Amino acid sequence: MKILFAAAEVSPFSKAGGLSDVVGSLPKALEKDAEIAIFTPLHGCIDREKWGIKELENSDMWITFGSSPQKFKLHMTKLPNTNINVFFVQNDWYFSCFQEVYPRWLDPRYEHERYIAFSLATLEYAKQLNFRADIIHSNDWHTAMIPLYIKANYKFDEFWSKTKNVFEIHNLAYQGVWFEDILDFANMRKDIVFNEWGCEHYGRVNWMKGAINYSDKVVAVSPNYAREILTGEYGEGMDYTLRGHTDKLVGIVNGIDYDVFNPKTDKTLVKNYDVKSIDKKEANKKRILEEFGLKYNPERPLIALISRLVDQKGLDLIRQVEGDLQHLDADFIFLGSGDKSYENLFIWLSNNTPNIRAYVGYRGDLANLIYAGSDFFLMPSKFEPCGLSQLIAMRFGSLPIVRATGGLEDTVTGYPLDNSNGFKFWGYDGWAMKDAILTAMNVYRDKYTLNAMRKSAMEADFSWKESAKKYLEMYKSLV
Ligand code: GLC
């Protein structure tokens, strides 16, 4: 079976969010059962030398959009520690010129042009390489045009005649919406695709809707999110469309790469540990507190938060109760970047409270040390399709304190249930979050329960093993 993955970001080459982790690790778990090719844009920030990315010979290709031809090239390397080919679509005007995966302040029409160009170039290159995929697995709105191309433009193309489309929703909040003239640019026929059964949504083009309508399977990144998006509360205006497709909608929980996230081998830690030597975690706590200028005190728990700073992550709950948090008998370390208002909040808290410190920006090594050094990991998300940070935290023995939504509900077993590995609250409310923090702080004093919970968290299996099986079954049901 041949599977083509297409995504805007792929770890470890380019990374802005959880999407890249998934596309960089799920294929690895499928490698022995399928022949896989991954396609992604060659963003300017990708380090070609570091990853051994080479331009393929004679890969120049001209593709016409609107009325102007654009020149593309194709680069390639292997996904680290695998034999999987990763293809990088290069175009100077759309991708190589940017240092960020999702540059801010782009003209929205141009954003659409970029990913239309990438999607079409992916299909043209796959054809040139004679990679006749049984399954094309596209992800989020950036590659949502692919199922439309396959079923509309290439409908009578023998090469793609057996190809099935799987579309994965990592986040329904970004659907890719623009005016209908973008279809002319994309060389798509309005009379075929611009309607209720295609990509038309309230008079606009909506790429995600198109993908949902045209794909053979739609995957949400957790079973609970698959249910939630059928409701008005979480459906982002797409619930009606999704309710019409429940027969092809499935929820499969994400895994994480257990080789990449491993407290036993992680070189950024001060001391490595595993479930049998959890006490060595403490050395990492000392180190990280020191790094942030806080005093180590074994009686005080350390609560961490590592996140993109966007509304989805529930950071306004922290704003609601910051006055209370600074008087708790606990320390807080926050790491992340994103919306200016949250960055400013974090900097303010860091400068004006005795127990909250923040690093605004992203540093992978620091993040891992925080996972390893923290006792609890806060994730108060407003909505969370799956969430990977809570899985990483558990792997490092840091117990998640989460709002029970989306994948957080599926992956965390809340105290005081049997084998609990974290803490849950339900209401979207700062005081509900504070109560959960207080419960966690109580458990911190009870070393017996704390250690039992750490053990449950570290022993829970969130590797790709089980989920990859579910993907494979789903692919097989299609071919
Ligand atoms: C998005 C979602 C997150 C999910 C990730 C990978 O970043 O916000 O919940 O875990 O995609 O699927």
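Shown above is the structure to which this text applies.
Presented here is an overview of the structure given in this document. Since the structure is predicted, the reported quantities are computational estimates derived from the model, not experimental observations. (Residues numbered from 1 in each chain as written. Predicted model: local features only at pLDDT ≥ 70, side-chain atom pairs only at ≥ 80, totals over all residues. Heavy atoms only, no water.)

## Remarks on the pattern of salt bridges
Our working definition: Should a side-chain nitrogen of Lys or Arg be within 4 Å of a carboxyl oxygen of Asp or Glu, the pair is scored as a salt bridge. Numbering of helices and strands runs from the N terminus, with a helix taken as a DSSP run of H or I at least four residues long and a strand as a DSSP run of E at least two residues long. The buried label goes to any residue with under 20% of its type's maximum accessible area, the exposed label to any with over 50%, and the partly exposed label to all in between, with areas taken from a 1.4 Å probe on protein chains only.
Within the structure shown, the criterion is met by 32 salt bridges. K28 serves as the salt-bridge partner of D257, at 2.8 Å between the closest nitrogen and oxygen. Here D257, found in the loop between strand 13 (249–251) and helix 11 (281–291), pairs with K28, found in helix 1 (residues 18–30); they are 229 residues apart in sequence, far enough to count as distant. Judged by relative accessible area, which is 12%, D257 ranks as buried. A salt bridge links K71 to D60, with the shortest nitrogen-to-oxygen separation between them at 3.4 Å. Highlighted residues: K71 in strand 5 (residues 68–78) and D60 in the loop between strand 3 (54–55) and strand 4 (61–65), separated in sequence by 11 residues. The network of salt bridges with common partners includes E55, D60, K71 and K73.

## Comments concerning the layout of surface pockets
What counts is decided by this rule: Cavities and pockets were defined on a 1 Å grid built over protein atoms only: a cavity is a set of grid points that admits a 1.4 Å probe from which the probe cannot escape, a pocket is an open set flanked by protein on both sides within 12 Å along at least five of seven lines, and lining residues are those with an atom within 4 Å of any such point. Grid points are joined across faces, edges and corners, and a volume is the space filled by probe spheres set on the points. Any residue that is not Ala, Val, Leu, Ile, Met, Phe, Trp, Tyr, Cys, Pro, Asp, Glu, Lys or Arg is counted as polar, Gly included; the first ten are nonpolar and the last four charged.
Each pocket or cavity is described by its volume, and for the second largest pocket that value is around 190 Å³. For the second largest pocket, the full set of lining residues is E31, A34, E35, I36, A37, F39, N83, I84, N85, F87, L129 and F131. Within the residue set of the lining of the second largest pocket, elements represented by two or more residues are strand 2 (35–41) and strand 6 (85–90). A total of four residues in the lining of the second largest pocket trace back to one element, the largest contributor, which is strand 2. Among the residues making up the lining of the second largest pocket, the classes are represented as eight nonpolar, two polar and two charged.

## Some points on the environment of L369
Filter applied, for reference: Residue contacts are defined here by distance: any two heavy atoms, one from each residue, within 4.5 Å place the two residues in contact.
Note that L369 resides in helix 14 (residues 364–373). Separated by 224 residues in the primary sequence, L369 and M145 place their C-alpha atoms 39 Å from one another. Residues in contact with L369, not counting those within four places in the same chain, are T268, L269, V270, N284, R287 and I288.

## Some points on the packing of helix 12 (residues 315–325) against helix 13 (residues 340–352)
We count it as follows: Fitted lines through C-alpha atoms give the axes, limited to the stretch in contact for helices. The angle between two N-to-C directions lies from 0 to 180 degrees. Here is the rule for handedness: rotate from the far helix to the near one, and if that takes an anticlockwise turn smaller than a right angle the crossing is left-handed, while a clockwise turn gives right-handed.
Across the interface, helix 12 lies against helix 13 with an axial gap of 11 Å and an inter-helix angle of 35 degrees. For helix 12 against helix 13, the interelement crossing comes out left-handed. Listed contacts from helix 13 to L315, D316, I318, R319 and E322 of helix 12 are S341, Y342, L345, F346, W348 and L349. Of the residues contributing to the contact of helix 12 with helix 13, the split by class is seven nonpolar, one polar and three charged.

## Some details on the packing of aromatic side chains
The geometry of an aromatic ring pair comes down to the distance between the two centres and the angle between the two planes. How we decide: Aromatic rings from Phe, Tyr and Trp, taking only the six-membered ring of Trp, are treated as a pair when their centres fall within 6.5 Å; an angle between ring planes under 30 degrees marks them as stacked, one over 60 as edge-to-face, and anything in between as tilted. Two conditions define a charge sitting above a ring: the NZ of Lys or the CZ of Arg must be within 6 Å of the ring centre, and it must be within 35 degrees of the ring normal.
The tally for this structure, following the rule as stated, stands at 25 aromatic pairs. Look at F39 and F87: their rings are 4.9 Å apart centre to centre, the planes differ by 25 degrees, and that puts the pair in the stacked class. Here the residue F39 occupies a position in strand 2, and F87 occupies one in strand 6, the gap between them amounting to 48 residues. Between the aromatic rings of W178 and F179, the centroid separation amounts to 4.9 Å while the plane-to-plane angle is 70 degrees, which identifies the pairing as edge-to-face. A connected cluster of aromatic rings, assembled from ring pairs, spans W93, Y94, F98 and Y110. The lysine or arginine in question, K2, covers the ring of F131, its NZ or CZ lying 5.5 Å from the ring centre. Looking at K447, its charged tip hangs above the ring of Y444, at a distance of 3.9 Å from the centre.

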